[in-house]
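What follows is each chain in one-letter form.
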Amino acid sequence: MRASKFFISTIKEAPSDAEIASHKLMMRAGLIKRLAGGIYTLMPMGLRVVRKVENIVREEMNRAGAIELSMPVVQPAELWQESGRYKQYGPELLRFKDRHDRDFVMQPTSEEVITDIARNELRSYRQLPVNFYQIQTKFRDERRPRFGVMRGREFTMKDAYSFHADFDGLKAEYQNMFDAYTRIFTRLGLKFRAVAADTGSIGGTGSHEFHVLADSGEDALAFAPDSDYAANVELAEAMAPAKPRGAAGAAMQKVATPNKKTCEQVVEQLGLPLSQSVKAIALMHEPEEANAAKGVVATTGKRFFMLLLRGDHELNEIKAGKVAGLSPFRFATPAEIANYVGCEPGYIGPVGLDAPRVTIVADRSVAAMSDFVCGANEAGYHLTGVNWVRDLPEPAVVADIRNAVKGDPSPDGKGELDICRGIEVGHIFQLRTKYSEALKSTVIGVDGKPVLLEMGCYGIGVTRIVGAAIEQGHDERGIIFPAAIAPFTVGICPIGIKKSDAVKAAAETLYSELQAAGIDVLLDDRDERPGVMFADMELIGIPHRFTIGDRGLKEGKIEYQGRTDSAATQIAPAEALALLKSKLAL
RNA sequence: CGGAGCGUAGCGCAGUCUGGUAGCGCAUCGCGUUUGGGACGCGAGGGUCGUAGGUUCGAAUCCUAUCGCUCCGACCA
């Protein structure tokens, strides 16, 4: 490609609403242009990157035996009503009416449509297994779109759906997809990790997320450096401490802690470590009916819970939701806390409560504590030297309700956990029969009777990968794309192309040679000043560059410089292709 | 959805408090000089100041409403 025939729209200053490196750099490099919140035009340069990602995904999906199709972006509401997701999905699902006043949605995913295809087209177990996929535009009306393409509303996603006559078939395909994803992210040149993920309300036995590792990631991942254990922190089991509960060593004492409402403030006053304190979180279990009747005083079915966490730990709401009888819950109001505990928030604790009215749920690590500090249920006071059994009954429930932290024992028993951050770029899921049941999708099994289809689904965020790759690869000069997805593999910068016939000839020769070798080459024939050409190539993240100028040609040399090289290498023009090929083979 | 902030040229911003000719840098266009790290000079074009009302002789500026965007939180996955 000649730069003069292409469209390069780099800018020096990023728009002020771009916060993270990838968003700023994508804007500055002219890869994307914002049209509305979370909605971007892929400019020619950006589209080339997306296409390269798509092609790798497509090749590996095909290799794994999946079959490409393309489903509509606009889908009738009826299908979504049938699956129940029309109600369930909430405002993230974009809904609208056509001219006949019929309801439609913009697809956020396509389980309904593919299951509809399956029930109409799949008749016999002999047609299984089958895995359909598409690379398609998705729309999710995110409450807070941000970070450019990382959390956009409109984005490109590869979504695949597999169908099986039995669970074993699903498990086999799940593993097949796991392996395919591993190949895809490896080929994309990304540092990534597959982690166990929450299966949510669907249940089932398996779900893994694939995360690109980056400090700016929105997800925290727990992993064991000594083993292959890795899980989203949402899910990672937080183990009880290895040591059992210690014996009581101190008498329980009430101490005045005026205006000290947080664990941090209290331990600071007492000169104790944060891990010696217990924080209490007041939750109210409130059934859906009571929610619906807001305003009306509906106490039926409400239950007050006090959750106990070590002062240095964080509540995991997903885990809390799994405590028997707690879900659905919300944080209790100050009035409710006063009613059940007789005290204002900041000084509440588990000692001396009316057990039937207040259910105590202790985290595993709290259950193993002794001589701890907690609120005294009296404004301005805390208790020290508190011990289970002696000072208060054993907690009604002991459960894992916190986020795992660095240094926790690994759930697989091998070493300790560490925490890193990741950007979710892939998610594979054993859906089982959720949709086939809802849409009554069966095939005739071996025994001649209908069986519900077992389903798996497998997503990859194509546009998000571009952002993730930039988060992982950039410096002060711009983007450092992995070679596999760079918009161009190599750039040629001829200095003074309009002035020097020698430069022009050498550049054209090299350009033809690289093109003939099938290499994606950008010849910068814009007759820009060298600084402009270099800055653009580096900002856009082109991995390799040849510079051709009169100065070098006099010596019979041109220059090669890799995007991350600190200096250029002088080479003979005839060696350029061989050198580049050796670099690409790495 | 709650809290905060911002909407002035393609981008980054000043001007708003204290009403009176709409500005700066980058980018763009023309001419010239430049040509190994985002050149320089001279000249030019481009804005109904988010939108709609109101106050006023006069509104970017004050008031009201509304829309959009951003951040923090909640929510969702």
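Residues numbered from 1 in each chain as written. Chains lettered and ligands numbered in written order. Predicted model: local features only at pLDDT ≥ 70, side-chain atom pairs only at ≥ 80, totals over all residues. Heavy atoms only, no water.

### Remarks on the pattern of salt bridges
For side chains bearing opposite charge, pairing can occur when the charged atoms are close. For the coordinates displayed, the defined rule picks out 37 salt bridges. Its salt-bridge partner being Arg310, residue Asp312 comes within 2.9 Å of it at the nearest N-O pair. On the basis of relative accessibility, which here comes to 32%, the residue Asp312 falls in the partly exposed class. (Salt bridge = Lys/Arg side-chain N within 4 Å of Asp/Glu carboxyl O. Buried < 20%, exposed > 50% of the residue type's maximum accessible area, 1.4 Å probe, protein only.)

### A few points about the protein's contact with RNA strand B
Around RNA strand B sit 36 residues, and of these Lys12, Glu19, Arg144, Glu538 and Glu559 come closest. Of all atoms in RNA strand B that approach within 4 Å of the protein, 49% are sugar or phosphate atoms. Between RNA strand B and Ser16, the relevant distance is 2.9 Å, taken from a phosphate oxygen to a main-chain nitrogen or oxygen of the residue. Gly549 has a polar backbone atom sitting 3.4 Å from a base oxygen of RNA strand B. Take the surface near RNA strand B: its biggest share by element is eight residues, from helix α15 (residues 530–540). Of the residues contributing to the surface near RNA strand B, the split by class is eight nonpolar, eight polar and 20 charged. (Near = heavy atom within 4 Å. Polar contact = N/O pair within 3.5 Å; in protein donor to acceptor, adjacent residues only side chain to side chain. Helix = DSSP H or I, 4+ residues; strand = E, 2+ residues; numbered from the N terminus. Nonpolar A, V, L, I, M, F, W, Y, C, P; charged D, E, K, R; others polar.)

### Examining the packing of helix α2 (residues 44–63) against helix α13 (residues 462–472)
Helix packing for two helices is described by the angle between their axes and how far apart those axes are. Packing of α2 against α13 leaves a shortest axis separation of 9 Å and a crossing angle of 110°. Classified by the interaxial angle, the pair formed by α2 and α13 is roughly perpendicular. Remark: the crossing between α2 and α13 carries right-handed chirality. When α2 is examined against α13, the residues Val49, Val50, Val53 and Glu54 are found in contact with a partner set consisting of Val462, Thr463, Ile465 and Val466. (Axes fitted to C-alpha atoms, helices over the stretch in contact; angles between N-to-C directions. Parallel < 35°, antiparallel > 145°, perpendicular 65-115°, else oblique. Left-handed = near helix turned anticlockwise from the far one by under 90°. Contact = heavy atoms within 4.5 Å.)

### Some details on the packing of aromatic side chains
Tallying each qualifying case throughout the model produces eleven aromatic pairs. Measuring from centroid to centroid gives 6.1 Å for Trp80 and Tyr89, while their planes differ by 70°, and the two rings are edge-to-face. Accessibility expressed as a relative area gives 22% for Tyr89, which makes it partly exposed. Sitting over the face of the ring of Tyr435, Lys434 holds its NZ or CZ atom 5.5 Å from the ring centroid. (Phe/Tyr/Trp six-rings, centres within 6.5 Å; stacked < 30°, edge-to-face > 60°. Lys NZ or Arg CZ within 6 Å of the ring centre and 35° of its normal.)

### Quick word on the nonpolar core
Ranked by size, the top nonpolar core spans 62 residues in total, and within it Tyr181, Phe185, Leu188 and Phe481 carry the most contacts. If you tally residues by element for this core, the top one is helix α6 (residues 167–187), at eight residues. Mapped onto the domain boundaries, this core takes at least three residues apiece from domain 1 (46–237 + 419–470) and domain 3 (490–584). Apart from the residues within four sequence positions on either side, Leu188 is in contact with Val53, Ile56, Ile465, Pro482, Ala484 and Ile485. Of all hydrophobic cores here, the second largest spans 27 residues; its members include Val278, Ile360, Met369 and Phe372. (Core = buried A, V, L, I, M, F, W, Y, C linked by side-chain atoms within 4.5 Å. Domains from an automatic or database assignment.)

### So, the pairing of strand β8 (residues 154–164)
Across the eleven residues that make up β8, a large majority, ten, are buried. Bridge analysis of strand β7 (residues 130–139) against β8 gives ten bridges, and the strand direction is antiparallel. Directly across from Thr137, in β8, lies its bridge partner Thr156. Note: β8 against strand β24 (residues 454–461), eight bridges, orientation antiparallel. Pairing of His164 across the sheet is with Glu454, part of β24. (Pairing = 2+ DSSP bridges.)

### A short note on helix α14 (residues 501–516)
Quick reminder: α-helices carry 3.6 residues per turn. Residues three or four places apart thus point the same way. Between its first and last C-alpha atoms α14 spans 22 Å; for 16 residues at 1.5 Å apiece the expected length is 22 Å, and the two agree. For α14, every residue scored as buried is listed here: Val503, Ala506, Ala507, Glu508, Leu510, Tyr511 and Leu514. Against the buried residues of α14 lie β27 (490–494), β28 (521–523), β29 (544–548), α16 (550–553), β30 (558–562) and α17 (576–585). One side-chain oxygen of the residue at the start of α14 lies 3.3 Å from the amide nitrogen of Ala502, identifying that residue as Ser500. Backbone geometry just downstream of α14 places Gly518 in the positive-phi region, at approximately 80°. (Expected span 1.5 Å × (residues − 1).)

### Thoughts on the environment of Thr137
Checked against the element boundaries, Thr137 lands in strand β7. Sequence separation between Thr137 and Pro108 is 29 residues; the distance between their C-alpha atoms is 8.6 Å. Excluding its chain neighbours within four sequence positions, the residues that come into contact with Thr137 are Val73, Gln107, Glu154 and Phe155.

### Remarks on the sheet that holds strand β5 (residues 95–97)
Reading across the sheet, the three strands line up as β4-β6-β5 and stay open at both edges, with antiparallel pairing between neighbours. One side of each edge strand has no neighbouring strand; the edge strands of this open sheet are β4 (74–76) and β5. Recorded for the sheet is a direction-independent mean angle of 40° between the axes of neighbouring strands. Relative to strand β6 (residues 103–106), β4 is paired through three bridges, and the arrangement is antiparallel. Bridging from a neighbouring strand, Val74 pairs with Met106 of β6.

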